[in-house]
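Descriptive analysis of the structure
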Amino acid sequence: MPKRSSIGDENETAFAILQQVTAEAEAQPTKNPAAVALGRMGGLKGGNARAASLTTAKRKAIAKKAAKARWGSKP
């Protein structure tokens with residue numbers, strides 16, 4: 001006599017999993033294209049605007065701090 005499984009048929013299980021996956025994929029919200037464009041505009045301006053506003057002395061101080069953080073202080 002064959003054993004009875006409490007799980008059910010493999011095809012039914014696979015079908016149920018596929019239904020769950022496709023339902024989750026359809027439920028994900030899409031991004032607002034206008035908001036994406038607006039955020040990208042600000043992101044593209046930020047670094048260049050900051051670099052243009054820095055003085056030479058301030059830029060050197062930032063570079064020294066970054067080098068010290070990266071390489072550590074020498075004894």
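Whatever comes next refers back to the structure up there.
Below is a short write-up of the structure.

Some details on the overall build of the protein
- In terms of regular secondary structure, the protein is built from three helices and zero strands.
- Listed N to C, the secondary structure of the protein is α-α-α in terms of helices and strands.
- Expressed as a percentage of its 75 residues, the buried residues of the protein come to 0%.

A look at the environment of Asn-32
- Structurally, Asn-32 can be placed in the loop between helix H1 (10-27) and helix H2 (33-53).
- Residue class for Asn-32 comes out partly exposed when judged on its relative accessible area of 49%.

Looking at H2
- The terminal C-alpha atoms of H2 lie 31 Å apart, and with 21 residues this matches the ideal 30 Å at 1.5 Å per residue to within 8%.
- At Gly-46, H2 shows its largest kink, close to 30°.
- Of all 21 residues making up H2, only zero are buried, and the element is barely covered by its neighbours.

Topic: helix H3 (residues 56-71)
- Between its first and last C-alpha, H3 extends 22 Å over 16 residues, near the 22 Å set by a 1.5 Å rise per residue.
- Of all 16 residues making up H3, only zero are buried, and the element is barely covered by its neighbours.

Parameters at a glance
- Residues numbered from 1 in each chain as written.
- Predicted model: local features only at pLDDT ≥ 70, side-chain atom pairs only at ≥ 80, totals over all residues.
- Heavy atoms only, no water.
- Helix = DSSP H or I, 4+ residues; strand = E, 2+ residues; numbered from the N terminus.
- Buried < 20%, exposed > 50% of the residue type's maximum accessible area, 1.4 Å probe, protein only.
- Expected span 1.5 Å × (residues − 1).
- Bend = angle between axes of the 7 residues up to and from the residue.

In short, the description is geometric, and any link to function would need to be established separately.
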